[in-house]
Amino acid sequence: MSSSFAKELEVAQLAVQRATILTKRVFHNSAKGTVSKDDASPVTVGDFGAQALIIAALQANFPGDKIVAEEESDTLRSNAALRDQIWDLVRTTALDDAAAEALLGGAVKDADAMLDLIGLGNSKGGASGRIWAIDPIDGTKGFLRGGQYAVCLALMVDGDVKVGVLGCPNLPVDDAAPLTADIGTDQTDEGGSRGVIFSAVLGQGASSRPLGTGALAEGKPIAMKPITEMAAASFCESVEAGHSNQGESAQIAQKLGITRPSVRMDSQAKYGSIARGAGDIYLRLPTSKTYQEKIWDHAAGDLIVREAGGQVTDTTGSRLDFSVGRTLAANRGVIAAPAAVHGQVLKAVQEVLGQAAS
Ligand SMILES: Nc1ncnc2c1ncn2[C@@H]1O[C@H](COP(=O)(O)O)[C@@H](O)[C@H]1OP(=O)(O)O
Ligand SMILES: [Mg+2]
Ligand SMILES: [Mg+2]
Ligand SMILES: [Mg+2]
């Protein structure tokens, strides 16, 4: 049995690249077709279109695999205007490279086929077999704000993440570029200095490559930056106060002697940024007793950070468990840090959270 996952990696990278190109078209267009979901979170035509293109690529190559994806097709079946807007994007987005486009199965047939593809992401997940997790736009709020977002795809086999890919169109191409939350004023990115794909295969390391528009650019290995002095480190955290407890993280920073302000950015761009050594530590502290993190929000980033020399656990010190369904029901929060200092960060987190509970 082959365990190199070479084809899975190639298809995943190209699928993420193509979907990211679609999202960029929406990012630069003022009409984003935003609607509010049942949980009051936003979704745009970019989210739906990217999910359709990724699932089309998976169906063309791995038709037997299950898929857990964030978006549902139901609302689109009763909203023809929104469906047509998405179809317009999907039918006109392709990679420049004919061989890459052919590998992904080429164009989607029609708008109905597109809705069917979006609906295929409804697997319950679980501990057995091959399951892909898709977040077509992670950090939709950042996407709408003009900030960071990520197109995320991971393959799990029997509950274990084997392949992870993140498309981050607004992060610098340069792994060594300083970490800033702001994407700068060059919204058009005419210089081409932004746009990166991070990827990892279990046991094979992590890499980054420019996003590009055609055949995959060559990848470069990435590694986390060792933290020799905690005082010089900083946290990379969510922008949204509702997604992570920022008051507790400030106390944890203080306990660790960290004085630099947290870099706040949306999406799994945080995982990619610490994996390439641009940032140090990603903290995500529970804000409510009921919210369960979704597997598509963490699967790719978890593997990319671990393959870059990091350790990723929840606030109890347990590894993230992707085998229990569509959510990380067995976990609370996330701590991602270089392996050498993860224990020290975990201890500080537990001291602060312990105080908070008593
Ligand atoms: N109440 C919540 N707590 C934590 N994460 C949430 C919550 N609501 C939505 N999310 C998800 O958190 C992620 C964004 O995290 P961050 O704040 O780190 O950028 C997104 O995946 C977002 O979904 P979405 O994919 O729809 O944007
Ligand atoms: Mg969402
Ligand atoms: Mg998300
Ligand atoms: Mg999303």
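Just above sits the structure.
What you see is a predicted model; the values in this text were computed from it and never measured. (Residues numbered from 1 in each chain as written. Chains lettered and ligands numbered in written order. Predicted model: local features only at pLDDT ≥ 70, side-chain atom pairs only at ≥ 80, totals over all residues. Heavy atoms only, no water.)

K.L.:
Would you mind going over the state of the cysteines in detail, with residue names and values included?
P.N.:
Counted by the stated rule, this structure contains 0 disulfides. Unpaired in terms of disulfides, Cys168 finds its nearest cysteine sulfur in Cys152, a separation of 7.1 Å. You can see Cys236 has no disulfide; the closest cysteine sulfur is in Cys168, sitting 11 Å from it. The buried category is assigned to Cys236, whose relative accessible area is 1%. (Disulfide = S-S within 2.5 Å. Buried < 20%, exposed > 50% of the residue type's maximum accessible area, 1.4 Å probe, protein only.)

K.L.:
Explain the sheet that holds strand E11 (residues 263-264) to me, using residue names and the numbers behind them.
P.N.:
Two orientations exist for strands paired in a sheet by backbone hydrogen bonds: parallel and antiparallel. The strand order across the open sheet formed by 5 strands is E11-E10-E12-E14-E13, and the pairing between neighbours is mixed. If you trace the sheet from one side to the other, it starts and ends with E11 and strand E13 (310-313), each paired once. In this structure, E13 lies alongside strand E14 (residues 334-338), joined through 4 bridges in antiparallel fashion. Within E14, the position partnered with Thr313 by the bridge is Ile335. On the sheet, helix H8 (residues 246-256) packs against strand E10 (235-237), E11 and strand E12 (281-284) and is oriented at approximately 170 degrees with respect to E10. On top of the sheet, helix H10 (residues 299-307) reaches E13 and E14; it is set at about 145 degrees to E13, its chief contact. (Pairing = 2+ DSSP bridges. Helix = DSSP H or I, 4+ residues; strand = E, 2+ residues; numbered from the N terminus. Contact = heavy atoms within 4.5 Å. Axes fitted to C-alpha atoms, helices over the stretch in contact; angles between N-to-C directions.)

K.L.:
Can you lay out the site of ligand 1 for me, pointing to particular residues and giving the numbers?
P.N.:
In the vicinity of ligand 1 there are 16 residues, among which Ser238, His243, Ser267, Lys270 and Asp297 approach most closely. One of the side-chain nitrogen or oxygen atoms of Ser238 is found 2.3 Å away from an oxygen atom of ligand 1. Between ligand 1 and Arg284, the relevant distance is 2.6 Å, taken from an oxygen atom to a side-chain nitrogen or oxygen of the residue. Burial of ligand 1 by the surrounding chains reaches 87%, relative to a free accessible area of 560 Å². (Near = heavy atom within 4 Å. Polar contact = N/O pair within 3.5 Å; in protein donor to acceptor, adjacent residues only side chain to side chain. Areas by Shrake-Rupley, 256 points an atom, 1.4 Å probe, with all protein chains shown as cover.)

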